[in-house]
Amino acid sequence: MPLETNYLFKKYFSHQKDMKMMSEQELKKVQQVLLGIADDVKIVCQENQIFYMLGGGTALGAVRHKGFIPWDDDMDINMFHKDLEMFAKEMERRFPGKYYIQIPGKTKGYFSTFAQIHKKGTVFQEVKSQKEEESGIKLDIFPIENTYGCAAARKIHGMGCDAAHLLLSGYRFWLRRKELKEISRELPQARKVFFIKRMLSLPLLVAPALWNRMFHKWFGMCKSQNSPYVVIPSGRNHFFGELYERARYCQVEELPFEGRMFPVTKDIREYMERLYGKDYMKIPPEQERERHMIYKLKV
């Protein structure tokens, strides 16, 4: 029974009668807003020598489509965790009042494992209980962490990261328990899955903010900027599925993306195969394409 949060939300939240699929015209407008956010991210990173690259489905779009995957409605960036706070400060300084930025382990009440940049004045509401300022059209930033050359130390680091990721995921389900109860009223399988996820949150119900800070310190426990490996523990395949040799992964090249140039890892083939398999250039059938259901959209 899959317990991945994104899988569960896509599978069960789409049963809500007041949710809708975006039209092609709405999707294009969302993508244009995302491009504007990405342009600003690029400016700030270039001005402050902050290392970043396209990640996940956005990197796949650059390789396969030279832009967005046609049905995609988000963008992913990978950036070193140590740079996130400085990046957020520079974004606010460079574009005051334009964005609301959530940093994992730092933003009060934010229990996710990756950062999000929300465009103020927009709404992309995927969860009914989301606050207005937390539901803007957003770009996701997945933290790159250092990890150890020693296999035993790396194993301990990875097991702790995966456990923390699972517990935080359960706590997010607990925070949305009222909505989940409503959604799963006529879905027995969903009730069972949501119950399991909520039970995972029990250790965090006492001092959740403290646990949250501790988990993110664990994610970044390896401080060596020259460690032989880097990892994206909050990525699509979690710690052991997104473990890379620093010398190969952190070399970048630029690829076209919607008429712009953005950096990706030079080892893009291995990165894509790791995330999507050897046939990553194949267009999936329509029923397998990832699309988000939303409650409300304002561009």
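Residues numbered from 1 in each chain as written. Predicted model: local features only at pLDDT ≥ 70, side-chain atom pairs only at ≥ 80, totals over all residues. Heavy atoms only, no water.

(A) Highlighting the overall build of the protein. Of the regular secondary structure elements, the protein holds 11 helices and 11 strands. Against the compact-globule benchmark of 19 Å for 299 residues, the protein has a radius of gyration of 19 Å, which places it among compact chains. If you line up the protein on its principal axes, its C-alpha atoms span 50 × 45 × 45 Å. Out of the 299 residues belonging to the protein, those deemed buried represent 52%. Surface summary for the protein: the accessible area is close to 14600 Å², and the carbon and sulfur share equals 54%. Averaged over its 49 positive side-chain charges, the protein has a centre that lies 5 Å from the centre of its 37 negative ones. (Helix = DSSP H or I, 4+ residues; strand = E, 2+ residues; numbered from the N terminus. Rg over C-alpha atoms; globule rule 2.2 N^0.38 Å. Buried < 20%, exposed > 50% of the residue type's maximum accessible area, 1.4 Å probe, protein only. Areas by Shrake-Rupley, 256 points an atom, 1.4 Å probe, with all protein chains shown as cover. Lys, Arg positive; Asp, Glu negative; His and termini not counted. Charge placed at Lys NZ, Arg CZ, Asp CG, Glu CD.)

(B) Seen up close, the environment of E273. With respect to the element layout, E273 can be found in helix 11 (residues 268-276). Exposure remark for E273: the relative accessible area of 24% places this residue in the partly exposed category. Distance in space between the C-alpha atoms of E273 and Q225 is 26 Å, their sequence separation being 48 residues. For E273, the contacting residues outside a window of four places in its chain are K278 and Y280. (Contact = heavy atoms within 4.5 Å.)

(C) Helix 4 (residues 84-94), seen in detail. Of the positions making up helix 4, those classed as buried are L84, F87, A88, E90 and M91. What you see down the axis of helix 4 is that its buried residues fit within an arc of 165°, all on one side. When the buried face of helix 4 is taken as reference, the exposed residues oriented beyond 90 degrees from it are K89 and R93. Among the structural elements, helix 2 (24-47), strand 2 (75-80), strand 3 (99-102), strand 4 (115-119) and strand 6 (138-147) are those in contact with the buried residues of helix 4. (Arc of directions from axis to C-beta.)

(D) Spotlight on unusual backbone geometry. Its identity is not glycine, yet K66 carries a phi of approximately 55°, on the positive side. Tracing the backbone through its elements, the reader meets K66 in the loop between helix 3 (56-65) and strand 2. The phi angle at A207 is positive, at roughly 55°, despite the residue not being glycine. Topologically, A207 is positioned in the loop between helix 7 (188-199) and helix 8 (208-219).

(E) How the structure looks around the state of the cysteines. Scanning all chains against the criterion turns up 0 disulfides. Among the cysteines around C45, which has no disulfide bond, C250 carries the closest sulfur, lying 14 Å off. The exposure class of C45 is buried, given its relative accessible area of 1%. Residue C150 stays outside any disulfide, its sulfur separated by 11 Å from that of C222, the closest cysteine. (Disulfide = S-S within 2.5 Å.)

(F) Inspection of the nonpolar core at higher detail. In this structure, F87, M91, I117, I141 and Y249 are the most contacted members of the largest nonpolar core, which totals 58 residues. Tallying contributions element by element places helix 2 first for this core, with 10 residues. Apart from residues lying up to four places away in sequence, I141 is in contact with I77, M79, L84, F87, F114, A115 and I117. Within the second largest apolar cluster, 11 residues are counted, among which are F111, L168, Y171 and F219. (Core = buried A, V, L, I, M, F, W, Y, C linked by side-chain atoms within 4.5 Å.)

(G) Focus on the pairing of strand 4. Among the 5 residues in strand 4, 4 count as buried, and that is most of the element. In this structure, strand 3 lies alongside strand 4, joined through 4 bridges in antiparallel fashion. The residue bridging Y100 from the neighbouring strand is H118, located in strand 4. By the bridge criterion, 4 bridges tie strand 4 to strand 6 in an arrangement that is antiparallel. Within the sheet, the bridge partner assigned to H118 lies in strand 6 and is K138. (Pairing = 2+ DSSP bridges.)

(H) Layout of a nonpolar patch on the surface. A contiguous nonpolar surface patch, about 410 Å² in accessible area, is contributed by F195, I196, M199, L202 and L205. One can find I196 in helix 7. Residue classification places I196 among the partly exposed residues on the basis of a relative accessible area of 31%. (Patch = residues over 30% accessible without salt bridge, like charges linked within 9 Å, V, L, I, M, F, W, Y side chains within 5 Å. Salt bridge = Lys/Arg side-chain N within 4 Å of Asp/Glu carboxyl O.)

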